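Observations on chain architecture
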Amino acid sequence: MRRTAAPLRESATIWLFRAVLVVLLILAWWGAALLVGRNLVPTPLATWQAATTLFAQPAIYQATANSLGVYLGGMLIAIAIGLPAGLVAGGVPLVGKVLDPFFNALMATPRVAFIPLIIVLLGLGYEAKIAVVALGAVMPILVNTYAGVRNGDPELVEMAHSAGATKLQVFTKILLPGAAPFIVVGLRLGATIGLINTVVAELYTAVQGLGGLLATYGNTFRMAPYFVVVLILALLGVLITEALRLLERRLERWRQH
């Protein structure tokens, strides 16, 4: 009973502190609105009223669906490219040594620099938005997967080879499970950058989705609905992170088995 009660108390304490922090943030937000002016920073009450108005109309749901479609499409492409490429580069040392400087160069290059080229090649439509999201998310996934496979325990690998394990068995039974935490970190980073790039893509290309609403409300200084869209994006970020944490826990159980 004591072992069960301790995690429950810890979880309750964490949620209590989170609730207190949310209250403090709302109070600070309210103070900033009064100090700076409600035309620039709306009060929480004004934001709530704007939210009730927005959620009574179909536009916010359509914008959210458009943004999620772009985001998920880009993330699927990023995972489909980054995960296998990282596994191959990490699992085949020669390939990794050849491609390592190119990985570093792409990681250091701002992905925004590629947006004009993407627009020239793909136009301003759905495909261009997905390409921007995929381009931003792919490198963290690829590089972390590559690093995870490379950081496999060399002594464990040597023992497996000595016991007669094949390269495929070593890869699937030792290197891949050992790389799982790195892969999840890459997915988290990629998911965060992908969400940011979704908004960037919607601002640079055809003005649609939540990014389009940000542009519309920002240009007309309608700050209360602007804050509502920002909060929706923050909530999406939290939900995506929690989903990846659940994936991480499942992968940890798989590694232990």
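Residues numbered from 1 in each chain as written. Predicted model: local features only at pLDDT ≥ 70, side-chain atom pairs only at ≥ 80, totals over all residues. Heavy atoms only, no water.

**Focus on the overall build of the protein**
The line we're drawing: Helix numbering and strand numbering both begin at the N terminus, where a helix is a DSSP run of H or I of at least 4 residues and a strand a DSSP run of E of at least 2. Only the protein chains shown count as cover for residues, and all accessible areas are computed by the Shrake-Rupley method using a 1.4 Å probe.
Along the backbone of the protein there are 10 helices and 0 strands. For the protein, the sequential pattern of α-helices and β-strands runs α-α-α-α-α-α-α-α-α-α. As presented, the protein carries roughly 15600 Å² of accessible surface, and 70% of it is formed by carbon and sulfur atoms.

**Focus: the confidence of the model for the protein**
Applied cut-off: The predictor attaches a confidence to each residue, called pLDDT, with possible values from 0 through 100.
Considering every residue of the protein, the mean pLDDT works out to 82; 86% of them sit at 70 or more. Confidence scores differ between elements of the protein, with helix α7 (residues 154-162) showing the lowest mean pLDDT of 64 and helix α3 (residues 58-91) the highest of 90.

**What to know about unusual backbone geometry**
In terms of backbone geometry, most residues other than glycine have negative phi values and most peptide bonds are trans. Not every positive phi belongs to a glycine, and Phe221 is a case in point at roughly 55 degrees. Considering the arrangement of structural elements, one finds Phe221 in the loop between α9 (209-219) and α10 (223-256).

**Comments concerning the packing of α3 against helix α4 (residues 93-108)**
The condition is simple: Under this scheme, a helix contributes an axis fitted over its contacting stretch, all axes are lines through C-alpha atoms, and angles between N-to-C directions fall in the 0 to 180 degree range. By the definition adopted for this analysis, an angle is roughly parallel if under 35 degrees, roughly antiparallel if over 145, roughly perpendicular if from 65 to 115, and oblique otherwise. Any pair of residues with heavy atoms lying within 4.5 Å of one another is described as a contacting pair. In this count, Pro and Cys sit with the nonpolar residues alongside Ala, Val, Leu, Ile, Met, Phe, Trp and Tyr, while Asp, Glu, Lys and Arg are called charged and the others, Gly among them, polar.
Where α3 meets α4, the closest approach of the two axes is 6 Å, and the angle between their N-to-C directions is 120 degrees. Relative to α4, the element α3 lies oblique. Contact residues: α3 offers Val88, Ala89 and Gly91, while α4 offers Pro93, Val95, Gly96 and Phe103. The class makeup of the residues in the contact of α3 with α4 is 5 nonpolar, 2 polar and no charged.

**Describing a nonpolar patch on the surface**
Note the cut-off: Residues with no salt bridge and a relative accessible area higher than 30% make up the patches, which join like charges within 9 Å and nonpolar side chains (Val, Leu, Ile, Met, Phe, Trp, Tyr) within 5 Å. Salt bridge, as applied in this entry: a Lys or Arg side-chain nitrogen positioned within 4 Å of an Asp or Glu carboxyl oxygen.
Nonpolar side chains collect at one region of the surface, where Val22, Ile26, Trp30, Leu34, Leu45 and Trp48 lie side by side and expose about 620 Å² of accessible area between them. For the nonpolar patch, the secondary structure elements donating two or more residues are α1 (2-36) and α2 (44-54). A total of 4 residues in the nonpolar patch trace back to one element, the largest contributor, which is α1. Mapped onto the fold, Ile26 is located in helix α1.

**Here we look at α2**
So the rule is basically this: The buried label goes to any residue with under 20% of its type's maximum accessible area, the exposed label to any with over 50%, and the partly exposed label to all in between, with areas taken from a 1.4 Å probe on protein chains only. Here the arc refers to the directions that run from the helix axis out to each C-beta atom.
Among all positions in α2, only Pro44, Thr47, Ala50, Ala51 and Leu54 are buried. Projected down its long axis, α2 carries its buried residues within an arc of 120 degrees, all on one side.

**Topic: the packing of aromatic side chains**
Keep this limit in mind: In this analysis, rings of Phe, Tyr and Trp, with Trp reduced to its six-membered ring, are considered paired at centre separations within 6.5 Å, and the interplanar angle assigns stacked below 30 degrees, edge-to-face beyond 60, and tilted for intermediate values. Criterion for a charge above a ring: Arg CZ or Lys NZ at most 6 Å from the ring centre, at most 35 degrees from the ring normal.
For the structure on display, the rule yields 3 aromatic pairs. Centre to centre, the rings of Trp29 and Phe227 are 5.8 Å apart; their planes meet at 25 degrees, and the pair counts as stacked. One end of the pair, Trp29, is in helix α1; the other, Phe227, is in helix α10, with 198 residues separating them in the sequence. Cation over ring: Arg18 sits above Trp15, and NZ or CZ is 4.8 Å from the ring centre.

**As for the packing of helix α5 (residues 115-122) against helix α6 (residues 126-150)**
As a reminder, the rule being used: By definition, any crossing whose near helix is turned counterclockwise from its far helix by less than a right angle is left-handed, and any crossing with a clockwise turn is right-handed.
The contact between α5 and α6 brings their axes to 9 Å, and the two run at 145 degrees. Here α5 and α6 pass one another in a crossing that is right-handed. Facing α5, whose interface residues are Ile115, Ile118 and Leu122, α6 presents Glu127, Ala128, Ala131, Val132 and Leu135. For the contact of α5 with α6, the residue count by class is 7 nonpolar, no polar and 1 charged.

**Some thoughts on the nonpolar core**
Put simply, the rule is: Put simply, a nonpolar core is a bunch of buried Ala, Val, Leu, Ile, Met, Phe, Trp, Tyr and Cys residues held in one set by side-chain atoms that sit within 4.5 Å of each other.
Grouped together as the largest cluster of nonpolar side chains are 37 residues, with contacts concentrated most on Leu210 and Leu213. Looking at this core, the element that brings in the most residues is α10, giving 8 residues. The contact partners of Leu210, leaving out residues within four places of it in the chain, are Ile60, Ala63, Thr64, Ser67, Glu202, Val229, Ile232, Leu233 and Leu236. Listed in part, the 6 residues of the second largest apolar core include Ile115, Ala128, Val132 and Ala201.

**A few points about the side chain of Asn144**
Within the fold, Asn144 resides in helix α6. Judged by its relative accessible area of 16%, Asn144 is buried. Excluding its chain neighbours within four sequence positions, the residues that come into contact with Asn144 are Phe182, Val185, Gly186 and Leu189.

**Some remarks on the environment of Leu99**
Mapped onto the elements of the fold, Leu99 is located in helix α4. Sequence spacing of Leu99 and Ala89 is 10 residues, and the spatial spacing of their C-alpha atoms is 7.5 Å.

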